[in-house]
Every structure is written in structure tokens, then in C-alpha cells.
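# Summary of the model geometry
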Amino acid sequence: MSLSGGVSPGCESRFRIGQSESGKTATLKNFQLTYARREWSEERASWRAVIQLNLGILHDRHNSDDSFEDIRISRAAKALPPIRFKEKHRLLKMRLGPLHGVQRDLESRLGDGSTELYTTSVNTAAPFDRPPPNRRALQEFSINSSNGWKSALDKFRTLRSTRTESPNAGSARRKSKDKDDEISEVIASCREDIKAIWEDPLIQEMLTRRKARLEDSPGFFLNDTERIATQTYQPTDDDVIRARLRTLGVQEYKFIFDHGRTIGQEWRIYDVGGTRSSRGAWYPYFDDVDAIIFLAPISPFDEKLAEDRRVNRLEDSYLLWRSVCSCKLLARTQIILFLNKCDLLVAKLQRGIRIRDSVPSFGDRKNDLSTATRYFQQHFKEISKQHSPVPRQFYVHLTSVVDTKSTAVTLGAVEESILREHLRRADLM
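Residues numbered from 1 in each chain as written. Predicted model: local features only at pLDDT ≥ 70, side-chain atom pairs only at ≥ 80, totals over all residues. Heavy atoms only, no water.

### Describing the environment of Asp308
Note the threshold: Helix and strand assignments follow DSSP, with helices taken as H or I runs no shorter than four residues and strands as E runs no shorter than two, numbered in order from the N terminus.
Relative to the elements of secondary structure, Asp308 occurs in the loop between strand 7 (291-297) and helix 13 (313-326). Sequence separation between Asp308 and Thr275 is 33 residues; the distance between their C-alpha atoms is 9.5 Å.

Shown next as C-alpha cells:
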């Protein structure tokens, strides 16, 4: 979910909210790409380390030090013959061993790792007034910072500086470049093996039985191994949008817009953790926010929350949306709904996955994109109408925030609607 703060003569602040992996950070990066292009260009090369980490982690996520056979499979798959891996798979695993060292090096350079809440006793979608529960660490690497990815990337930007520098700074920069080259060399040397294990039929069968679609995961780059696993790789804009670096807590990002209708203004955009047990940190920021962008992914209608496997992700978005709409502190705040991940929804429907199997109320409606998005949109609209303390205009956009061109158009409409709302409040319209 994303909060967008008010448009004032000197500064605008926005808040983005939504459940974990809803597309909040990708939306934030799209704001920077669209409206703060100078800063975006300066940061782009620094994302290489994050993308290299994504490439290694996604290879490693389903290929840990545990036995290949130690996999969780669906009930239907248990009736199938067991998967028997061959010697070539064990050799591949051995040859990919250096990626573990690369992962550790990249993580240590990006910052101190932090733990994410994985399971939680919180049983509500919006525990704004709840104390944090007992924690268990999620294995995904995360950093905890008040300004999110910028703390991590600034280290690389500083070390790549070519300005006049002291001998010590110059030495540090050379060492950093040597380490960059060493990491890229190791990844490049594993390129063919990464491709081989990803394309292997038995590995694909294992993932199918486990109902794991890595292609739908944030930070997925295995299909781009040939391009990324090279010593000369430099990130593209699309790579940066897709890159994943999990940040914990509430982060404040400040951008000076150099494009759009508010050139020269500083916008403050807050990014927040989306797991249920992280949402208690949101409430203090509600008091001083002008607009909220709420990210509701509609593709995971058949998925469960990572932190609570009993809860359907779409249902969690409904509950969270209801809690935000009914919050009296936000009664006069503009809330903009992004029904996100439409691209993944299309892919699921094309694979024959039926919405009614997971959402019984969908009934016998046509199982296509236009019907599904109308249905979901109407449900969110009814919740807003029923639970808002005062009548509230319903702003909604269908989005796939990894698509930078279409998202830029959407953000233009969002910027205009926020400005119009501020003018209306100022009695200038």
C-alpha cells in the first residue's frame, strides 16, 4: 500500500500501502523513473549488485543444501512416481556452489541483514494498534533502513565516485571495483550451469509438483541469465523495476521532481512493510498524509499469505481495504486503488485456472480478464461505499507496475487527480 502525502507549495508526501509482494516498491521506482529521472540515472548502475543477488537467490531458493528430494508437494502429486535425480544434477549443484559465497558477499555489501516476520499470531488484516508478536525469521535477505534501498545503493555510488578523492578513498574504490569484478566473474563462470539447472525437465517437474512458479516471483531473472551473467552486465530500466530488495519498517524517500506538472517540488513517498505483523507501524503516519495509493494484487486470488497459510491473499486485501476505508483518521484523505498484477492474472487465466474454485462468489461468470477485473473492482467499490465514514470518491486503476510505459501513464493520471484534489480543497476549483 502506498501513502501519498499532500501537495503543498514546497513538499508533497505520499504513502503506499498493501500486503507483502503487492508491488509497492515497484510503484515507487516507477515514480522515480517517471518524475526524478536524473536521480534514477545516477542510481541505475548501483542496482547491479541487487540484480546479481536476485539471480543467485532465486536459483538457490529451491535448491538449498537440503536433499533434492526434500520438497513439499501437493496431494495430487503424491500419487505420482517419486522424482529421482541423477548424477548430473548433483554435479550441477556442486558446480553452482560458488554462488553461495557470492550471495554472502553481496548481502554483506548491501547492509546488515534483518529478520522479517514469517509467522504471526496477528489474526487481523490491519493490526494498527497491536504490539508486535513473537518473531520467526524469514529466510529472504532484508535490510532495515529509514530510507530503504537508498542506504544500500549509496554505498556503491560512493565507491564508484570519480571526483577528487583522498588516497584512502581511492584505495577503497579500487578494492570495491576489484570485488565487483570478482563477483561478476564468478557469476559469469556459472552462467551455463544456471541455465542448465533452470531448463532441466526434472527440476521443472519438481517445481510443478510443488506448485512453485518462480516466473511469477518478484526479482525473477533466470530467463535473463545469458544477458545478466556476464562480466560487462549493466542494468536496464526494466531490470531495476523488476529487481527485489526487501526492506523492513517504514522508509521515507524524497525526490525532487524534474518532470511532470510539479517540477522543482520535493515529494516525500513512504514505503511500508506489508506483512500483517508489520502493519502496526503504519498508523502513526496516517495523521499527516495527503493521499494513499493502495496496492491490491488481484492475481493471487488462489494463493495464501506467506505469514499465515490459512488466509487467502485476495481476502486479506479486501479486509485491509475495509480497515483503511473505515479509518476515521483517513476520512478526508484521497485513496487511490491500484488493482495490480493484471499481467500475472492474464497468465493464470490462460493456464485454465478458474477463479470460482478459489472465490465461490464469482460463480459462473466468464473466466476472462475483463470479467474478473470488473468483478474485483466492484467488490472494492462496495467496500469503500459501505465502510467510509463520509462519502468518498472511488479512484481505481488496473495496473501491471512492472510495465514501465503503461505505469507512467497511470502515474500521470494519479498526479493530476492529486493536484485537482488539492486545488478543490483550496477552493480554487
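### Re unusual backbone geometry
Filter applied, for reference: Whether a residue is buried, partly exposed or exposed follows from its accessible area with a 1.4 Å probe, protein chains only, as a fraction of its type maximum: under 20%, in between, or over 50%, in that order.
Look at Lys211: it is not a glycine, yet its phi comes out positive at around 55°. Within the secondary structure, Lys211 is located in the loop between helix 10 (201-209) and helix 11 (225-228). Judged by relative accessible area, which is 67%, Lys211 ranks as exposed. Residues other than glycine seldom take positive phi values, yet Lys341 does so here, at roughly 65°. Relative to the helices and strands, Lys341 resides in the loop between strand 8 (334-340) and helix 14 (342-350). Residue Lys341 is classed as buried on the basis of its relative accessible area of 14%.

### Topic: helix 14
Note the following rule: The arc refers to the directions leading from the helix axis to the C-beta atoms. Working rule for contacts: check all heavy atoms of both residues, and any pair within 4.5 Å makes them a contact.
Buried within helix 14 are the following residues: Cys342, Leu344, Leu345, Lys348 and Leu349. Taken end-on, helix 14 shows its buried residues confined to a sector of 155°, consistent with a single buried face. Looking at the buried residues of helix 14, the elements they touch are strand 8, helix 15 (369-387) and strand 9 (395-398). Of the residues one or two after helix 14, Gly352 is the one with positive phi, at around 90°.

### Comments concerning the pattern of salt bridges
As a reminder of what qualifies: Note on definitions: salt bridges are taken to be side-chain nitrogens of Lys or Arg within 4 Å of carboxyl oxygens of Asp or Glu.
By the definition in use, this model includes 30 salt bridges. Between Arg227 and Asp239 there is a salt bridge; the shortest N-O distance is 2.8 Å. Of this pair, Arg227 sits in helix 11 while Asp239 sits in helix 12 (residues 237-242), placing them twelve residues apart in sequence. Owing to a relative accessible area of 36%, Arg227 belongs among the partly exposed residues under this scheme. The exposure class of Asp239 is buried, given its relative accessible area of 1%. Here Glu252 and Lys254 are joined by a salt bridge, their closest N and O atoms 4.0 Å apart. Owing to a relative accessible area of 26%, Glu252 belongs among the partly exposed residues under this scheme.

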